[in-house]
Amino acid sequence: MTKVRQTVLPRMTRDGPIEAWIIDDTGIPKKGQHSVGVSHQYCGQLGKQANCQVAVTLSIANRHASLPVAYRLYLPNAWAEDDDRRAKVGVPEEITFKTKPQIALEQIGWACEVGLPGSMVLVDAGYGHDSKLRAGITDLGKRYVAGIQPQMLVWKPAKRPGRAPKKGHRDAPDTISVKDLALGLRNSAWRTIQWREGSNEWLSSRFARLRVHVASSHQRAGNRPKTRGREGADQVLAFHLAEQHHIPRSGRRRQAALAHRARLSGAQAGGRARAL
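First things first, this report covers the structure right here in the doc. Since the model is a prediction, treat every value here as computed from it, not as a measurement.

**Points about the packing of helix H4 (residues 100-113) against helix H6 (residues 131-139)**
And step 1. The contact between H4 and H6 brings their axes to 9 Å, and the two run at 5°. In terms of orientation, H4 lies roughly parallel with respect to H6. Here Pro101, Ala104, Leu105 and Ile108 of H4 lie close against H6, whose contacting residues are Lys132, Leu133, Gly136 and Ile137.
And step 2. In the contact of H4 with H6, the residues fall into six nonpolar, one polar and one charged.

Given below as structure tokens:
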């Protein structure tokens, strides 16, 4: 993969610089139970839960092309803890269970170490819900645009962040889900943006932006990070009402809150959120 990257990257960047790092899954449907890591899990290729292997991938991309640069097979916990199964297929002892966001963060850290070009990380809702991944990306000095789940809690606009609600609780009076926040916006807050050229016509969606504070369960009053760009700092959310547009409704793609963008200080924060 290193040799391929060294060969392809100069050709990719002739028409423009690398603009984004993309974290995603690659699902490999399987019928049996003996392939390493196979289990009943979400398979992006099929758009549903199915028997498959899943690999976490990191690709670099510009407006003209994308190139996979890191690829790691996800080993479910049931596999990681089954010594007989591991021995039968030869899983090395040093391979332990790691969540997909943990694998993704390691791949991003590796890309930083080897000096790959690009400053923006893109992740879908399967990864964007993980606050440790978002904070880890920021700690590595990268910006991100992340899909999020509609139930994510944020502090209501103009409300000062305080003690975050306990995990699983939704009774904090000054917090609101991003879905409810999006549904409560005025019509004038929405803007239609063409975001990708489809097979027959340009695809467009309605977007709105506003800054809020994420009400993560690990944030407590008086104990919020002081570094700008962390979860306690201002965030930019881009919303999309999925129910009113033609987008896939399967699996994790079905979400009303489309994107969460980290806000960094200084020059890193410049510019508007990009259309997705």
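**A short note on H4**
And step 1. The end-to-end C-alpha distance of H4 is 20 Å, a good match for the 20 Å that 14 residues give at a rise of 1.5 Å each.
And step 2. Taken as a whole, H4 has its buried residues at Lys100, Pro101, Ile103, Ala104, Gln107, Ile108, Gly109 and Ala111.
And step 3. One or two steps after H4, the chain reaches Gly115, where phi turns positive at roughly 75°.

**Focus on the packing of aromatic side chains**
And step 1. In the structure shown here, the tally under the stated rule is one aromatic pair.
And step 2. Arranged with centres 6.2 Å apart and planes meeting at 65°, the rings of Tyr74 and Phe97 form a pair that is edge-to-face. In this pair, Tyr74 is assigned in the loop between strand S4 (66-73) and helix H2 (77-80) and Phe97 in the loop between helix H3 (83-89) and H4, connecting sequence segments 23 residues apart.
And step 3. Residue Phe97 is classed as partly exposed on the basis of its relative accessible area, which comes to 31%.
And step 4. Sitting over the face of the ring of Tyr74, Lys100 holds its NZ or CZ atom 5.1 Å from the ring centroid.
And step 5. A cation over an aromatic ring shows up here: Arg206 above the ring of Trp190, its NZ or CZ 4.9 Å from the ring centre.

**A short note on the nonpolar core**
Soluble globular proteins: nonpolar side chains tend toward being buried together.
And step 1. Among the nonpolar cores identified, the biggest contains 24 residues, and Trp21, Ile23, Leu58, Ile60, Ile108, Val121 and Tyr127 are the most heavily contacted of them.
And step 2. Only helix H1 (2-12), strand S1 (20-29), strand S3 (48-61), S4, H4, strand S5 (120-123), H6 and strand S6 (143-146) provide two or more residues apiece to this core.
And step 3. Tallying contributions element by element places H4 first for this core, with four residues.
And step 4. If near-sequence neighbours (up to four positions away) are discounted, Ile108 is found in contact with Trp21, Ile23, Leu58, Val121, Leu133, Ile137 and Leu140.

Conventions and cut-offs
- Residues numbered from 1 in each chain as written.
- Predicted model: local features only at pLDDT ≥ 70, side-chain atom pairs only at ≥ 80, totals over all residues.
- Heavy atoms only, no water.
- Axes fitted to C-alpha atoms, helices over the stretch in contact; angles between N-to-C directions.
- Helix = DSSP H or I, 4+ residues; strand = E, 2+ residues; numbered from the N terminus.
- Parallel < 35°, antiparallel > 145°, perpendicular 65-115°, else oblique.
- Contact = heavy atoms within 4.5 Å.
- Nonpolar A, V, L, I, M, F, W, Y, C, P; charged D, E, K, R; others polar.
- Expected span 1.5 Å × (residues − 1).
- Buried < 20%, exposed > 50% of the residue type's maximum accessible area, 1.4 Å probe, protein only.
- Phe/Tyr/Trp six-rings, centres within 6.5 Å; stacked < 30°, edge-to-face > 60°.
- Lys NZ or Arg CZ within 6 Å of the ring centre and 35° of its normal.
- Core = buried A, V, L, I, M, F, W, Y, C linked by side-chain atoms within 4.5 Å.

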